[in-house]
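# Notes for the structure review
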Amino acid sequence: MKHLFFDIRKLHKLDEKRSPMFEKNRFAKVMVYIGIAFWAAYLVLFGVLLPSAFSEGFPGMEPYHILNKGLLIVLALDFLVRFLFPTPIQEVKPFLLLPIPKRKIMTVLLMREAVNPFNLFWLFLFVPFALLSVTRFYGLAGILGYAVGIWLLTVMNSYWSMLIRVLKRQKFIYICWCLPVYGILALLEFLPGTHWVSTFTMNWGEGFILWNPLAFLGALAAIGLMGFINYKVQLHLIYSELSRVEDTKLKKISDYSFLDRYGNVGEYMRLELKMLFRNKTPRSQFWGFIAIMVMFAVALAFDVYEGSYMNNFICLYCYCVLGLITLSQVMAIEGNYIDGLMVRRESVYNMLRAKYYVQCALLAIPFILCLVPVFRATIPLLMVVSYGLFTMGIVFPVTMQMAVYNDKTAPLNTGVMGKRQNNNVYQTVIILASFTVPLLINRGLELLLGSTGGYIAMGMLGLAGFLTHRWWIGNIYTRFMARRYRNMEGFRNTR
């Protein structure tokens, strides 16, 4: 088993180096490392500031007691973040061809999940916090026990998250399995006079600090239970997970007949909608980000950020996120059937128009969600309208320039952050700029024209971009056709 673990690890590294995307992914990897360092620094900062804040806010309790009361919140955040990661079952396919029992392979992949470096990420928060709050009572031994305990809890949480992710990939509705779990925990915590969950986690965290054997045995038992459930479930689902054959039962098929009146553009709009709702990756991304939009809309409605500029970022994010996920990979998704698309020259032009129209239509979703905080008077209607128009007329056209430079096929049935992503330098820069530059433009226009004038100017810019969409889509089409053979070669080599 030990040799198999290291052999699989070595083969994965070789697979990444031999991938056609290895060279082009280097810039994206550097940006990812910079982002990781940024958030690690944030966690360290919070770990340094929280002890004094807790001491002032709760003078009758030690700071580590307060943080331990909120362990469930940290684990819930960790649970959500892990939805961006692939599951080990997605990496098992090449090894099923080898004369190795699939049970051993699954065991090794579950072991790899346990030693995933991300399980140590939250220590950037807890270790600095413990140095300032635990050392004076329990010394370095207390810090070491606390760190080991937190690591065990994140391993347990990784198996729990993996289980829900695997079930979600079968049917999205299976994500609801996590609702009763968190619902029961919330009920036990918030019923009047209970606070059982926070009291339990407070004592559990202190047990780690005191090196209480029961605390560590409880964590190990939870890890063993979640690992065993994952092992059984993933072995049962392994072939349905790896197979690309969908359920063959007769279902009601939406033909979107209302699009017939729009001719060829309507046909490509129909194709775009079917791609979005019938393929695992786009469908999971769509519903996942809809859920995030709903949470952000609730945060805006209850004025969680108390009128700060964060409201602007959330409003912009809700408008941009669905379009950026799809449009940043424009032509990369179509690389799966690029040969059929190139049969007629005007097909690419009509496809680009259809893709743009569908994404503009989907902007109605964040607009409707943002109306809730508008009715509650936490954000102005003018801001919602201006960011919607600016996204439609400026952000989307800039993002669609990727149609010229994308030359790697994007798979439609892999995880959001699988090991082979098609992000290149241009995609990374455009995505980052889409979430930052509009805010800078808004701030500059506010200084020049005032708040109302700035929103009106942004809306007019976006409206101008939308009214000229045929011109700039035609420009994208012309530039794509000038390098079509180079791009087609890349699409074929990376299918």
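Here's a quick rundown of the structure. (Residues numbered from 1 in each chain as written. Predicted model: local features only at pLDDT ≥ 70, side-chain atom pairs only at ≥ 80, totals over all residues. Heavy atoms only, no water.)

## Thoughts on the pattern of salt bridges
Applying the stated rule across the entire model yields 7 salt bridges. Taking the shortest distance from any N to any O, the salt bridge between R136 and E62 comes out at 3.2 Å. Remark: E62 occurs in the loop between helix 2 (25-57) and helix 3 (63-69) and R136 occurs in helix 7 (residues 135-170); sequence separation between them is 74 residues. A relative accessible area of 24% means that E62 is categorised as partly exposed. Across the salt bridge formed by R443 and E446, the nearest N and O atoms sit 3.6 Å from each other. With R443 and E446 both in helix 19 (residues 425-467) and 3 residues apart, this pair spans about one turn of that helix. The exposure class of E446 is buried, given its relative accessible area of 18%. Connected via shared salt-bridge partners are D78, R82 and E113. (Salt bridge = Lys/Arg side-chain N within 4 Å of Asp/Glu carboxyl O. Helix = DSSP H or I, 4+ residues; strand = E, 2+ residues; numbered from the N terminus. Buried < 20%, exposed > 50% of the residue type's maximum accessible area, 1.4 Å probe, protein only.)

## Section: a nonpolar patch on the surface
A cluster of nonpolar residues, F38, W39, Y42, V44, L45, F46, V48, L49, F124, L131, L132 and L140, forms a patch on the protein surface that exposes about 1,200 Å² of accessible area. Mapped by element, the contributors of at least two residues to the nonpolar patch are helix 2 and helix 6 (123-133). In terms of residues, the nonpolar patch owes the most to one element, helix 2, which gives 8 residues. Topologically, V44 is positioned in helix 2. By relative accessible area, V44 is classed as partly exposed at 30%. (Patch = residues over 30% accessible without salt bridge, like charges linked within 9 Å, V, L, I, M, F, W, Y side chains within 5 Å. Areas by Shrake-Rupley, 256 points an atom, 1.4 Å probe, with all protein chains shown as cover.)

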